[in-house]
Amino acid sequence: MRLNGFSRARARTAMALAVAGLAAGATAGAGPAVAQPKAAPAPAPDCSAAYRIEQKLANGTTWRMCWRHESKAGIVLQHISYQPPGEARPIKVLNSAKLGQIHVPYDDGSEEYEDLTTYRFGDGLVNLAPGECPGGTIRTVKVREPMYSDATDVKGLCTTTRARGHAYRMLTDPMDGSARKLYQKQGKDLLVYAVNKVSWYEYITEWRFQDDGTVHMNVGATGSLAPQDYDAADGQGWPIGKGPKVKALSHSHNVFWRLHFGLDGSSKGRIEQYDSKVTPPAPGKPAPSNRTTRTKVTKELAGDARNMRWWRVVSATGKNKDGHARSYELVPGATAKYPGRGFSKHDVYFTQYNKCEQYASGNPGCPSGHPRSVDKWVSGQTLTNPVVWVNVGFHHIARDEDQQPMPVHWQGFSLAPRDVTAMNPLTPKELAGTNGQLG
């Protein structure tokens, strides 16, 4: 539940008063096979040094971006570009990436929260202890109306690097009798993360940028279970105390991300959906066959994940060295889709860009009469400047191990580069000539 020490009614009243008097949120500052983009080079990040993140990883990849803070969304990343080894210029990936909502409905129907738009998620940014950013830098964020800090300068944004294990491993098997050779490389990631407190819960918002161009976007929930909810009925909670009486009320966390792509510096990307169908073996063939079909998504869409279905955002201008259009594929994570509200019924939404449409539900910034949730924005418009909304749900049925404090439970998704470069961007020099010539 919400504010510590308050009854549900008092929590709602207190927050309503706080929201009514809230000023606008702070926005201070805002391998050898080399791809040759046809578009103009991505511009340098349009922000001052204090709001710029630039990290060259051990394997030679450089990520660049800007950051800013909003009172509702928290940390917003902008002008995100990726420059793998040997690439002469940075490749623009995203215009902006941020949280679009955290929707928290409780199983007994008594409460439902929109943590970003109602509870000033961004103003709940907390100071990080030095040990929370190992080997990195904790940046100071200006928060106009901090809820958990005595000062408006909050040491709340960590940038660091972290090993992730194998980037690849390949043992050759030469046909000429020569000795086998092992190619292996350990991967490195840039991590950007912050912690925002909303009453009993603390949310870790993490962006992980890999040296191979992959991006992971995750939210981890930790903190405490709300003790005023240890009264759930059977079937709506789980016993966590001595015996069967104390039951923590179950609830959902439906996390939305808002992504505005800018591949190769252009917002005019296109959306494609791919579906594969397996059929029984045809006469004379020993195995089933699998055919994949492409559907061009030309109008706004509320999409549902299915087995062997995926989407990609394709560059309108850029191609790699092989002449293939650059794109990023959406890779969904595990989800528990919540069907209770229209905006949470679908896994992904593709909408035509509208500056006022910033939050998946409870959106406060549009003119009167404009729908307030993402499902209502899917109205048949042609997609020329698409915004991607990703919804990942988690049904939290508490367990004894959730106290105290509660271990982090993660939910999120990934963006995987598809044809951004002509070969693996971390390809060793000795294998540079094997593009399309495996033999």
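Residues numbered from 1 in each chain as written. Predicted model: local features only at pLDDT ≥ 70, side-chain atom pairs only at ≥ 80, totals over all residues. Heavy atoms only, no water.

With an unreviewed UniProt entry as reference, the chain is termed Amine oxidase, source organism Streptomyces pharetrae CZA14. Turning to the chain, the UniProt annotation filed under Sequence similarities (unreviewed entry) states: "Belongs to the copper/topaquinone oxidase family." (UniProt positions renumbered as here; feature names shortened; annotations may be inferred.)

What you tend to see is this: most non-glycine residues have negative phi, and most peptide bonds are trans. Following Q403, the chain continues to Q404 via a peptide bond in cis, the omega torsion being -10°. Cis geometry marks the peptide bond from Q404 to P405; its omega dihedral reads 5°. Turning to its location among the elements, P405 is positioned in the loop between β20 (386-396) and β21 (406-418). The phi angle at H79 is positive, at roughly 50°, despite the residue not being glycine. At D264, a residue that is not glycine, the phi angle is positive and equals roughly 60°. (Helix = DSSP H or I, 4+ residues; strand = E, 2+ residues; numbered from the N terminus.)

Here we come to the pairing of strand β14 (residues 270-279). The side chains of a regular strand alternate between the sheet's two faces. Pairing of β14 with strand β17 (residues 309-319) involves six bridges; the strand directions are antiparallel. When the sheet's bridge partners are listed, Q273 is paired in β17 with W311. Of the pairings in the sheet, the one linking β14 to strand β15 (residues 289-297) comprises nine bridges and is antiparallel in character. Counterpart to T279 in the pairing with β15 is S289. (Pairing = 2+ DSSP bridges.)

Next up on the list: the state of the cysteines. Overall, the coordinates contain three disulfides when judged by the stated rule. Across the disulfide, C356 is cross-linked to C366 (sulfur-sulfur distance 2.0 Å). Across the S-S bond of C356 and C366 the torsion is about 90°, and the bridge reads as right-handed. Here C366 lies in the loop between β19 (348-352) and α2 (374-377) and C356 lies in the loop between β19 and α2, a separation of ten residues in the sequence. Each member of the pair, C356 as well as C366, carries the same accessibility label: buried. Disulfide connectivity for the chain, with bonded cysteines indexed by sequence position, reads 1-2, 3-4, 5-6. (Disulfide = S-S within 2.5 Å. Buried < 20%, exposed > 50% of the residue type's maximum accessible area, 1.4 Å probe, protein only.)

Turning next to the side chain of Q78. Along the chain, Q78 turns up in strand β3 (residues 74-83). With a relative accessible area of 14%, Q78 lands in the buried category. At 3.3 Å, the side chain of Q78 and the side chain of R68 are in polar contact. (Polar contact = N/O pair within 3.5 Å; in protein donor to acceptor, adjacent residues only side chain to side chain.)

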